[in-house]
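Examining the three-dimensional arrangement
Chain by chain, the residues:
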Amino acid sequence: ITPYGNWNTDYSSNTTIKDTTGYSYRTGLSMSTGKGNCKLTATTNNVYIFEFNTKTKRLNVYTSFSVIGTIAGTNWDKDYQMAYQGNGVFTVDINLTAGSFEYKVRTTGGWDTSFGTSFGSSNVKLNVTEAGLYRFTIDFVNRKLTTVLVG
């Protein structure tokens, strides 16, 4: 892992990358780490999003994303699976009634990593004034979540 193709900083050979692919049964990816190159083995055909934190040396690998929150009721027990659109963007369209809601985007059906306000852990607050079909988008290139009325 190098920042912007700069071999002067090579995290793979200078430090131990922590294996946070975690739940490989969910991602279909296993990883062995240590000094030197990391070995990643994909066991399923999938879209993989890799996120590396240079401070903690943690590598996160995600394969699926879903919107979850009070948009489906108060229990946060229904996931709306997002579809990959290319270039690090996932979307899902959800019919909403007027009201105030909270939501997050979570990864691979678990709570180990979820994205909320400013790509952090706080729930996104959404005030819907007009009932209709809303598009929820997570954009990893620009690191943002958006919700817009589409119909």
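Scroll up to find the structure.
All figures in this text were calculated on a predicted structure; none of them were measured in a lab.

So, about the side chain of lysine 104. Relative to the helices and strands, lysine 104 is located in strand β10 (residues 99–107). One buried charged residue, lysine 104, forms no salt bridge at all, with the nearest opposite charge on glutamate 102 at 8.2 Å. Residues in contact with lysine 104, not counting those within four places in the same chain, are Ser66, Val67, Ile68, Trp76, Trp111, Ser114, Phe115, Gly116, Ser121, Ser122 and Asn123.

Turning our eyes to something else, we now look at the pattern of salt bridges. Within this structure, the stated rule accounts for three salt bridges. One salt bridge connects aspartate 79 with arginine 106, and the closest N-O pair in it is separated by 2.5 Å. In this pair, aspartate 79 sits in the loop between β6 (65–69) and β7 (80–81) while arginine 106 sits in strand β10, placing the two residues 27 residues apart along the sequence. Here aspartate 79 falls in the partly exposed class, since its relative accessible area comes to 25%.

Another aspect to go through is the nonpolar core. Ranked by size, the top nonpolar core spans 24 residues in total, and within it Phe65, Val67, Met82, Phe136 and Ile138 carry the most contacts. Contributions of two or more residues to this core are made by β6, β9 (89–96), β10, β12 (124–128) and β13 (132–139). Of the residues forming this core, the biggest block, four residues, is contributed by β9. Excluding its chain neighbours within four sequence positions, the residues that come into contact with methionine 82 are Phe65, Ser66, Val67, Phe90, Thr91, Val92, Val105, Phe136, Thr137 and Ile138.

Direction of pairing for β13 relative to strand β14 (residues 144–149): antiparallel, over a ladder of six bridges. Bridge assignment links isoleucine 138 to a residue of β14, and that residue is leucine 145. What sits between the antiparallel neighbours β13 and β14 is a turn of four residues, in which arginine 143 has the positive phi angle 50 degrees.

Basis of the calculations
Residues numbered from 1 in each chain as written. Predicted model: local features only at pLDDT ≥ 70, side-chain atom pairs only at ≥ 80, totals over all residues. Heavy atoms only, no water. Helix = DSSP H or I, 4+ residues; strand = E, 2+ residues; numbered from the N terminus. Buried < 20%, exposed > 50% of the residue type's maximum accessible area, 1.4 Å probe, protein only. Lys, Arg positive; Asp, Glu negative; His and termini not counted. Salt bridge = Lys/Arg side-chain N within 4 Å of Asp/Glu carboxyl O. Contact = heavy atoms within 4.5 Å. Core = buried A, V, L, I, M, F, W, Y, C linked by side-chain atoms within 4.5 Å. Pairing = 2+ DSSP bridges.

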